[in-house]
Amino acid sequence: MELFSFVLVPLALALVIPRLWLVPCTFLVLLAFTGLWVDEQRMQCASCGGPFSGLGLALLVIAVAGFIIGVAVRALIAFFRPARKSAPGQARAAKLLTWALVSATMAVLVTGLAVVLLNKMFDSGWLTHLGICLLAVAWFCWTPFFWPKGSEAEPVWRSLLHPAGVFRWIGAVAVFFLVAWSVRVIAATQEAAELAAVDHPYCLTISTEKGQRPVQTFWDLSGFSMQADRGSSRHAALVTGGVRAPVWFYWSYRRGAFEPDFMGWPLTCELQSGFAKNLPAVQPVSAADPGRSFWLGRGQWYIPADYRGGARDQPPVLSFHAQGKDFEPLPASPQSPAIVDLIQAEVSVTLCDLENLHVWQTRNDVNYKVEPAGTEAGLEKQSVESRGSLRREFQYVGRDETGRISTWMMCPQSGNTCRHAFRREGVVVAFQRPSSQFAEWREIEDAAWKRVKTFAVEWPDAEPQSCKS
């Protein structure tokens with residue numbers, strides 16, 4: 001019976017609302033439902049609580065469905081029965097409320113789109129806020145050109161008695177309200193960062209189009225700047241603890257606080273006491289350093305810009321792009337290298353111990369038939385036949401003194417490229433090389449390892465552990 005009430009009550013409400021107020025009331029109900037739905041989708045997990053999580057959200061959907069059914073019934077009634085005449089004041093009030101809701105909704109949507117575009121173009125918090133403030137001014141000043149209310153002269157405040165005036169004022173105020181909310185987030189984030197760090201040194205990063213980057217000004221802590229799904233799944237991240245064993249937190253708008261995070265990233269910022277409180281308004285000018293410097297896997301790394309390096313955590317992996325037997329950087333060019341060339345030149349360095357050196361390392365199972373095929377260049381040679389594939393490949397395996405696989409290669413029977421991976425000191429290095437260099441695999445491994453060592457500012461202070469995803 002209680003379940004039926006979630007349908008009957010909204011249905012009855014939709015049937016008793018005066019026809020004059022049905023449109024704005026329907027608009028309000030849909031906006032409220034959209035807001036609650038968006039709030040639910042921003043939750044990090046299904047059991048995080050919230051007034052409409054789980055079953056509550058399902059009941060909300062049922063209630064809205066009942067209201068929509070009532071609106072549809074009213075529309076059928078209106079089709080067969082003419083509306084009664086209403087007082088001019090009531091008609092105007094209903095019309096103005098409808099346009100106020102339309103204006104506020106459009107302002108929110110336009111502001112959201114503008115924030116996305118400005119963040120992509122500038123990656124600067126204060127420029128984004130300046131752009132949104134100009135949007136509010138343009139909304140207020142340009143509305144009369146697109147929607148003139150007439151030629152009569154009247155005080156500005158009386159323009160709220162016309163739909164054009166309501167659209168003008170409500171839209172501009174809504175945009176300025178969003179700016180105020182974004183600025184208010186800065187102080188809330190600074191306070192939450194100090195609470196999460198518990199008087200320990202820390203630093204902050206935010207999501208950008210290129211991934212997580214260090215926070216540079218307090219504008220980066222605004223609501224417009226801390227937006228996920230640009231280059232990271234987190235709005236912002238806080239790291240404390242130590243550079244070799246960092247502890248990560250993520251920013252939650254729902255809770256207004258930094259929550260412990262199971263994810264992690266390369267540590268690209270310097271841990272400082274009171275980091276958020278000491279941020280400047282404008283980024284200080286510093287010497288340009290196009291390379292990437294970060295802590296990862298209990299070590300510090302620096303990859304020069306020519307190598308187009310990158311990194312990720314869990315498992316900790318750094319990558320760069322190189323060519324030739326000595327793993328030199330790709331040639332400088334005004335144009336970016338083709339995606340295919342970058343893929344073929346990528347070198348992946350996993351800073352933990354993998355059981356399999358490469359995802360393509362195969363064993364006998366229902367999908368692969370692996371048979372011994374002798375030895376070649378000091379490696380065990382194995383023939384690999386894949387189910388459903390006519391292409392034949394050869395897998396080459398080298399072992400250390402304990403019998404564990406330390407070198408792996410996969411070369412197609414008719415192909416020009418071999419995949420190569422090897423293990424040293426618990427670190428796994430993987431890349432591709434021409435099959436013509438197959439016999440030189442030892443020299444190539446030595447050159448690759450030497451290049452990896454050159455990127456280490458401080459080598460990891462402990463033996464790498466087994467990888468944990």
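What this report covers is the structure whose coordinates are included nearby.

Parameters at a glance
- Residues numbered from 1 in each chain as written.
- Predicted model: local features only at pLDDT ≥ 70, side-chain atom pairs only at ≥ 80, totals over all residues.
- Heavy atoms only, no water.
- Helix = DSSP H or I, 4+ residues; strand = E, 2+ residues; numbered from the N terminus.
- Contact = heavy atoms within 4.5 Å.
- Areas by Shrake-Rupley, 256 points an atom, 1.4 Å probe, with all protein chains shown as cover.
- Phe/Tyr/Trp six-rings, centres within 6.5 Å; stacked < 30°, edge-to-face > 60°.
- Buried < 20%, exposed > 50% of the residue type's maximum accessible area, 1.4 Å probe, protein only.
- Core = buried A, V, L, I, M, F, W, Y, C linked by side-chain atoms within 4.5 Å.
- Pairing = 2+ DSSP bridges.
- Axes fitted to C-alpha atoms, helices over the stretch in contact; angles between N-to-C directions.
- Disulfide = S-S within 2.5 Å.
- 1 Å grid on protein atoms, 1.4 Å probe; cavity = no way out; pocket = protein on both sides within 12 Å on 5 of 7 lines; lining within 4 Å.
- Points joined across faces, edges and corners; volume = space filled by probe spheres on them.
- Nonpolar A, V, L, I, M, F, W, Y, C, P; charged D, E, K, R; others polar.

Tallying secondary structure elements over the protein chain gives 8 helices and 18 strands in all. In the protein chain, the share of contacts with a sequence separation of at least 24, taken over all contacts with a separation of at least 6, comes to 60%. Accessible surface computed for the protein chain: about 26,100 Å², of which carbon and sulfur atoms make up 62%.

Another point: the packing of aromatic side chains. Aromatic ring pairs are described here by two measures, namely the spacing of the ring centres and the angle between the planes. Tallied over the entire structure, the rule returns 18 aromatic pairs. Ring geometry for W301 versus W459: centroids 5.5 Å apart, planes at 70°, classification edge-to-face. Of this pair, W301 sits in strand 7 (residues 299–303) while W459 is found in the segment after strand 18 (456–458), placing the two residues 158 residues apart along the sequence. Overall, W301 belongs to the buried group, its relative accessible area being 0%. W459 gets classed as partly exposed once you look at its relative accessible area, which sits at 25%. Measuring from centroid to centroid gives 6.2 Å for F422 and F431, while their planes differ by 70°, and the two rings are edge-to-face. Among the aromatic side chains, those forming a connected cluster through ring pairs are W181, F224, W251, Y253 and F258.

Y202, L204, L238 and F258 are the most contacted members of the largest nonpolar core, which has 28 residues in total. Broken down by secondary-structure element, the contributors of at least two residues to this core are helix 6 (163–197), strand 1 (202–208), strand 3 (236–241) and strand 4 (246–252). Here this core takes 5 residues from helix 6, the largest share from any one element. Beyond its immediate chain neighbours, meaning those up to four positions away, F258 contacts T189, A192, A193, A196, L204, A237, L238, F249, Y250 and W251. By size, the runner-up hydrophobic cluster in this structure holds 22 residues, among which are L296, F422, V427 and V429.

The next thing to look at is the sheet that holds strand 7. Across the sheet, 3 strands lie side by side as 6-7-18; this open sheet has antiparallel pairing. Either end of the sheet is taken by a strand with one partner, and the two such strands are strand 6 (292–296) and strand 18. Between one strand axis and the next, the sheet turns through 30° on average, direction left out of account. Across 2 bridges, strand 7 lies against strand 18 in antiparallel orientation. By the bridge assignment, Q300 is partnered in strand 18 with E458.

Let us look at the state of the cysteines. For the coordinates displayed, the defined rule picks out 3 disulfides. Here C352 is linked by a disulfide to C467, with a sulfur-sulfur distance of 1.9 Å. One disulfide, between C352 and C467, carries an S-S torsion of 95° and so falls in the right-handed class. Here C467 lies in the segment after strand 18 and C352 lies in the loop between strand 11 (346–350) and strand 12 (368–376), a separation of 115 residues in the sequence. With a sulfur-sulfur separation of 2.0 Å, C411 is cross-linked through a disulfide to C418. Between C411 and C418, the S-S torsion sits near 120°, and that sign places the bridge as right-handed. Each member of the pair, C411 as well as C418, is classed as buried.

All right, on to empty space enclosed by the protein then. One pass over the full model with this rule turns up 2 cavities of 30 Å³ or more. Considered as a void within the structure, the second largest cavity measures approximately 30 Å³ in volume. Around the second largest cavity sit N119, D123, S124, G125, I206, R213, D220, S225 and R230, which together line it. Considered class by class, the residues forming the lining of the second largest cavity number 1 nonpolar, 4 polar and 4 charged.

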